[in-house]
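The primary structure of each chain is shown beneath.
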Amino acid sequence: PHPPFPFPSCGQVRKMKTRRKLEDQSWQLFIHSLMTALEVFVLFYDGGGERWLHDYTSLWTPHPRDQVNGKPSIHLLYLVQLAIWIIT
């Protein structure tokens, strides 16, 4: 049985438990990299970015309970994060 990701060092990993750990950590690295890219897109690029990243006073204008973010990318980000937490 070969690992799902072709790593050159996998041929040197002889213990099954060690190989399984490498596979699990590789999956986590892939997921974290993908989610970081999605979060950077949502925060900095989608819809011109978030205003509060550059102007901290806009955090409280309007009051947070009155703020409704209608960006579909935010909802996608939350949904993907929830799915990852449920799966893993």
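Worth saying up front: this structure is predicted, and the values here are computed from it rather than measured.

Procedures and definitions
Residues numbered from 1 in each chain as written. Predicted model: local features only at pLDDT ≥ 70, side-chain atom pairs only at ≥ 80, totals over all residues. Heavy atoms only, no water. Helix = DSSP H or I, 4+ residues; strand = E, 2+ residues; numbered from the N terminus. Buried < 20%, exposed > 50% of the residue type's maximum accessible area, 1.4 Å probe, protein only. Contact = heavy atoms within 4.5 Å. Patch = residues over 30% accessible without salt bridge, like charges linked within 9 Å, V, L, I, M, F, W, Y side chains within 5 Å. Areas by Shrake-Rupley, 256 points an atom, 1.4 Å probe, with all protein chains shown as cover. Salt bridge = Lys/Arg side-chain N within 4 Å of Asp/Glu carboxyl O. Axes fitted to C-alpha atoms, helices over the stretch in contact; angles between N-to-C directions. Parallel < 35°, antiparallel > 145°, perpendicular 65-115°, else oblique. Left-handed = near helix turned anticlockwise from the far one by under 90°. Nonpolar A, V, L, I, M, F, W, Y, C, P; charged D, E, K, R; others polar. Expected span 1.5 Å × (residues − 1). Arc of directions from axis to C-beta.

1. Some words on the overall build of the protein chain
Secondary structure summary: the protein chain contains two helices and zero strands in total. Residues counted as buried form 18% of the 88 residues belonging to the protein chain. The long-range fraction of contacts in the protein chain, counting pairs at least 24 apart against all pairs at least 6 apart in sequence, stands at 37%.

2. Observations concerning a nonpolar patch on the surface
A contiguous nonpolar surface patch, about 1,000 Å² in accessible area, is contributed by Val 40, Phe 41, Phe 44, Tyr 45, Trp 52, Leu 53, Tyr 56, Leu 59 and Trp 60. Along the chain, Tyr 56 falls in the loop between helix H1 (16-45) and helix H2 (72-87). For Tyr 56, a relative accessible area of 65% corresponds to the exposed category.

3. Section: the packing of H1 against H2
In contact at an axis separation of 10 Å, H1 and H2 are set at 160° when each is read in the N-to-C sense. Relative to H2, H1 is oriented roughly antiparallel. Between H1 and H2 lies a crossing of left-handed hand. Facing H1, whose interface residues are Ile 31, Met 35, Leu 38, Glu 39, Phe 41 and Val 42, H2 presents Ser 73, Ile 74, Leu 77, Val 80, Gln 81 and Ile 84. Residues belonging to the contact of H1 with H2 are distributed by class as follows: nine nonpolar, two polar and one charged.

4. Here's the deal with H2
Here H2 spans 22 Å end to end across 16 residues, near enough to the 22 Å set by a 1.5 Å rise per residue. Those residues of H2 that sit buried are Ser 73, Ile 74 and Leu 77. End-on view of H2: buried residues confined to an arc of 105°, all on one side of the axis. When the buried face of H2 is taken as reference, the exposed residues oriented beyond 90 degrees from it are Pro 72, Tyr 78, Leu 79, Ile 86 and Ile 87. Buried residues along H2 sit in contact with H1.

5. Here's the deal with H1
Taking 1.5 Å per residue, 30 residues should reach 44 Å; H1 reaches 43 Å between its end C-alpha atoms and fits that length. Those residues of H1 that sit buried are Arg 19, Glu 23, Ser 26, Ile 31, Met 35 and Val 42. The secondary structure elements touched by the buried residues of H1 are H2. Phi for Gly 47, located one or two positions after H1, is positive at around 65°.

Structural measurements only, silent on function.
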